[in-house]
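Overview (structure and organization)
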Amino acid sequence: MKIAKPTKWSLIFILVVAAGVLFFAIRMYQDDIKALKGFMASYEQFDKAISGLSQSAAADFESRAGDAVAGLSAEASLRLSSLIKNDAKLMDQAREVADLARKELESLRAYQRGIRQENADVEELAEGSRILMEKRKTAYARFRELGGVR
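Residues numbered from 1 in each chain as written. Predicted model: local features only at pLDDT ≥ 70, side-chain atom pairs only at ≥ 80, totals over all residues. Heavy atoms only, no water.

Helices and strands together make up the secondary structure of the protein, namely four helices and zero strands. When the helices and strands of the protein are read in sequence order from the N terminus, they spell out α-α-α-α. When burial is assessed residue by residue, the protein has 30% of its 150 residues classed as buried. (Helix = DSSP H or I, 4+ residues; strand = E, 2+ residues; numbered from the N terminus. Buried < 20%, exposed > 50% of the residue type's maximum accessible area, 1.4 Å probe, protein only.)

So, on to the packing of helix α3 (residues 87-116) against helix α4 (residues 122-146). Here α3 crosses α4 at 160°, and the two axes come no closer than 8 Å. Looking at the two axes, α3 sits roughly antiparallel to α4. Both α3 and α4 take part in a crossing whose hand is left-handed. In terms of residue class, the contact of α3 with α4 is made up of 18 nonpolar, five polar and seven charged. (Axes fitted to C-alpha atoms, helices over the stretch in contact; angles between N-to-C directions. Parallel < 35°, antiparallel > 145°, perpendicular 65-115°, else oblique. Left-handed = near helix turned anticlockwise from the far one by under 90°. Nonpolar A, V, L, I, M, F, W, Y, C, P; charged D, E, K, R; others polar.)

The description of two aromatic rings rests on the distance between their centres and on the angle between their planes. Summed over the entire model, instances satisfying the criterion amount to three aromatic pairs. Ring pairs connect the aromatic residues Phe39, Tyr43, Tyr140 and Phe143, which therefore count as one cluster. (Phe/Tyr/Trp six-rings, centres within 6.5 Å; stacked < 30°, edge-to-face > 60°.)

Our next topic: unusual backbone geometry. Positioned with a positive phi, Asn86 is a non-glycine residue whose angle comes to about 60°. The topology assignment puts Asn86 in the loop between α2 (59-75) and α3. In this structure Asn86 comes out as partly exposed when scored by relative accessible area, which is 26%.

The next thing to look at is a nonpolar patch on the surface. A cluster of nonpolar residues, Leu11, Phe13, Ile14, Val17 and Val21, forms a patch on the protein surface that exposes about 500 Å² of accessible area. Structurally, the position occupied by Leu11 is in helix α1 (residues 8-55). (Patch = residues over 30% accessible without salt bridge, like charges linked within 9 Å, V, L, I, M, F, W, Y side chains within 5 Å. Areas by Shrake-Rupley, 256 points an atom, 1.4 Å probe, with all protein chains shown as cover. Salt bridge = Lys/Arg side-chain N within 4 Å of Asp/Glu carboxyl O.)

On to the nonpolar core, then. Grouped together as the largest cluster of nonpolar side chains are 30 residues, with contacts concentrated most on Phe39, Leu80 and Phe143. When residues of this core are traced back to their parent elements, those giving at least two are α1, α2, α3 and α4. Residue contributions to this core peak at nine residues, all from α3. Ignoring any residue separated from it by four or fewer positions in sequence, one finds Phe143 in contact with Leu36, Phe39, Met40, Leu90, Gln93 and Ala94. (Core = buried A, V, L, I, M, F, W, Y, C linked by side-chain atoms within 4.5 Å. Contact = heavy atoms within 4.5 Å.)

This is the structure:
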């Protein structure tokens, strides 16, 4: 009984397949990192816009905050491969952050409408906005913790 010797072509084929698999995995990982960085950039943009909105009632800030929350929601629909640690938790946390950001913007808009209309419930609306802001910041801190960013 003779054992077949590996030929030159079979070794080349194995190396090409291994290189293809490695390239595919590296590409998936890079796409995951790009998606995470995109979400974090959108969050920072939203945070700046919402802080500008809370300091000023200008329509420009409200429009910018609305655009920022739309961008954040779009980035929150990220899909991560299993190459990223805590991939499922990160995706859920990103959606939670985007949802809290949307609710915070709605609450802040209601608060500003209440101020313009001299509504008596303004303090309640302000407290609701503050609570939502704290929840959003806590959720984002959890997202960063899950992603390994300190």
